[in-house]
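One letter stands for each residue in the lines below.
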Amino acid sequence: MSQSNVFMQPIASLQQIQSKIRITPSVAGVSGVYILFYLITELLHTHNSHALEFTPAEVFTGRVWQLVTAGFTEKYLICVVFNLSLLAVSNRFLEPVWGTLEYIKFIVVINIAAYSMNLVIYFVGYVALREESFLYAPFSGGQGLLGGILVGLKQLIPDHVMVRAVPAVRVRHLPLCSFIAALFLMLIRVSGLRYLTVTIGGLASSWIYLRYFQIRDSGRGDFSDALSLASFFPESAQPHVIKYSSAVSSVVDGMLQKRQASKTVDLETFSTNVNIITDPVSERRRQLALQALNERLQKTDDVDWPSSDSEPEATPATDEIV
């Protein structure tokens, strides 16, 4: 191998990584908040203070800002680096479709909702078990937001292959993988129960928000199969989930869809002027499907099919009579 090739390989690898990372003002702003809160947390810990972390008892006594700050507060630098890396990679799929304001809104809403769910979880746990650590132990971390981002990616690119060497693992499997990873880390005592509950809070709040409340060009919410409750479970378990959840989900989906239709449909306007609205999420899925179809057609074009103009070989005539 020549010396020039030795130097060009790291440059090519760096360019490939940069092509997958999209740094926008929104990503830079969120990254700045993570870094700033990490530095402040390091300073506060020297004074034995947990003002930015989430403590249920302190939230009940008025420190409600912890519902916002806890999701941006990490104790370890490696966690900050991991969070920022996932934000930069996922941004190239989320923000172009959602828009900057919706992207920032999603980050803030999921952070608050994930820790609000944990506020309820640990209050109920304290009432049931009388365990004071449920109310007075501080904790924080961006695992709720990361779980929410994985649900957002599942909405937009569910069939995208993450690693070409493992084509069976697709984006739609990542939310379940994040739950299994959090559960495994708790079982081997690398992390605690709170890491798992915040992850569950992020996954659940993101699904609820995207399924029922996100404002899109086609209306409110996403009722496609890509965001159905059963799609978050393994394929072998999906029929059982559909069996027990179909009644409730059909009622809720039907109520919200009917409410949405009553607000958005104007029959008088429809009779005179029909506007075709293209939903960016559906458009993204359509483009991915067309891309996959084009790739398959190109593969078939490469096959050396016999030409229709070529004459078949003549078979020798025989005079034998059977």
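Treat the numbers as computed from the prediction; the structure is a model and nothing was measured. (Residues numbered from 1 in each chain as written. Predicted model: local features only at pLDDT ≥ 70, side-chain atom pairs only at ≥ 80, totals over all residues. Heavy atoms only, no water.)

### Regarding the pattern of salt bridges
Opposite charge on two side chains permits pairing when their charged atoms draw close. As enumerated under the stated definition, the model contains four salt bridges in all. The residue Asp222 makes a salt bridge to Arg216 at a minimum N-O spacing of 3.3 Å. Taking the relative accessible area as the measure of exposure, Asp222 reaches 3% and is therefore buried. Owing to a relative accessible area of 12%, Arg216 belongs among the buried residues under this scheme. (Salt bridge = Lys/Arg side-chain N within 4 Å of Asp/Glu carboxyl O. Buried < 20%, exposed > 50% of the residue type's maximum accessible area, 1.4 Å probe, protein only.)

### Concerning unusual backbone geometry
Of note, Arg130 is a non-glycine position whose phi angle comes to about 55°, a positive value. Of note, Arg189 is a non-glycine position whose phi angle comes to about 65°, a positive value. Along the chain, Arg189 turns up in the loop between helix 9 (174–187) and helix 10 (193–213). Look at Arg189 and you get exposed, because its relative accessible area is 77%. (Helix = DSSP H or I, 4+ residues; strand = E, 2+ residues; numbered from the N terminus.)

### Here we look at the packing of helix 8 (residues 143–156) against helix 9
Running from amino to carboxyl end, helix 8 crosses helix 9 at an angle of 155°, the nearest separation of the two axes being 8 Å. Overall, the two elements helix 8 and helix 9 adopt an arrangement that is roughly antiparallel. The segment helix 8 lies against helix 9, with Leu150, Val151 and Lys154 engaging Leu174, Pro175 and Ser178. Residue composition of the contact of helix 8 with helix 9, by class: four nonpolar, one polar and one charged. (Axes fitted to C-alpha atoms, helices over the stretch in contact; angles between N-to-C directions. Parallel < 35°, antiparallel > 145°, perpendicular 65-115°, else oblique. Contact = heavy atoms within 4.5 Å. Nonpolar A, V, L, I, M, F, W, Y, C, P; charged D, E, K, R; others polar.)

### What to know about the packing of aromatic side chains
Under the definition given, this model contains twelve aromatic pairs. Pairing Phe37 with Phe72 gives two aromatic rings, centres 6.5 Å apart and planes at 85°, and the pair type is edge-to-face. Taken together, the residues span a long stretch of sequence, with Phe37 in helix 2 (residues 25–46) and Phe72 in the loop between helix 4 (66–69) and helix 5 (77–98) at a distance of 35 residues. With a relative accessible area of 15%, Phe37 lands in the buried category. The exposure class of Phe72 is buried, given its relative accessible area of 9%. Cluster of aromatic residues (ring-pair linked, three or more members): Phe54, Tyr115, Tyr122, Phe134 and Phe139. Here the guanidinium or amino end of Arg130 rests over the ring plane of Tyr126, the centre of that ring lying 5.6 Å away. (Phe/Tyr/Trp six-rings, centres within 6.5 Å; stacked < 30°, edge-to-face > 60°. Lys NZ or Arg CZ within 6 Å of the ring centre and 35° of its normal.)

### Some points on the side chain of Thr199
Following the sequence through the fold, Thr199 ends up in helix 10. Thr199 sits in the buried class, given a relative accessible area of 4%. Excluding anything up to four places from it in sequence, Thr199 contacts Gln143, Ser178 and Ala182.

### What to know about a nonpolar patch on the surface
On the surface, a cluster of nonpolar side chains totalling about 460 Å² of accessible area is made up of Phe60, Val120, Phe123, Val124 and Val127. Sort the elements by how many residues they give to the nonpolar patch and helix 6 (residues 100–129) lands first, with four residues. Relative to the helices and strands, Phe60 resides in helix 3 (residues 56–60). Accessibility expressed as a relative area gives 47% for Phe60, which makes it partly exposed. (Patch = residues over 30% accessible without salt bridge, like charges linked within 9 Å, V, L, I, M, F, W, Y side chains within 5 Å. Areas by Shrake-Rupley, 256 points an atom, 1.4 Å probe, with all protein chains shown as cover.)

### A short note on the confidence of the model for the protein
Mean pLDDT over the protein works out to 80, with 72% of the residues at or above the 70 mark. Of all helices and strands in the protein, the one with the weakest mean pLDDT is helix 12 (residues 267–272) (41), whereas helix 6 scores best (96). Below pLDDT 50 for its whole length, residues 6–18 participates in two contacts with residues either more than four positions away or in separate chains. Here residues 317–322 scores under 50 on pLDDT; set against residues more than four positions off or in separate chains, the count is zero contacts. (pLDDT = per-residue confidence, 0-100.)

### Some remarks on the packing of helix 2 against helix 5
Running from amino to carboxyl end, helix 2 crosses helix 5 at an angle of 165°, the nearest separation of the two axes being 10 Å. As summarised for this structure, helix 2 and helix 5 are arranged roughly antiparallel, according to the angle between their axes. As for how helix 2 packs across helix 5, the hand of that crossing is right-handed. Of the residues in helix 5, those in contact with Ser26, Val27, Val30, Ser31, Tyr34, Ile35 and Tyr38 of helix 2 are Leu77, Val80, Asn83, Leu84, Leu87, Ala88, Asn91 and Glu95. Split into classes, the residues belonging to the contact of helix 2 with helix 5 amount to ten nonpolar, four polar and one charged. (Left-handed = near helix turned anticlockwise from the far one by under 90°.)

### Some points on helix 9
Taking 1.5 Å per residue as the helical rise, helix 9 with its 14 residues ought to reach 20 Å, and the 20 Å between its terminal C-alpha atoms agrees with that figure. When helix 9 is considered as a whole, its buried residues turn out to be Leu174, Pro175, Ser178 and Ala182. Viewed end-on, helix 9 has its buried residues packed into an arc of 110°, placing them on one side of the element. Looking one or two residues past helix 9, Arg189 carries a phi angle of roughly 65°, positive in sign. (Expected span 1.5 Å × (residues − 1). Arc of directions from axis to C-beta.)

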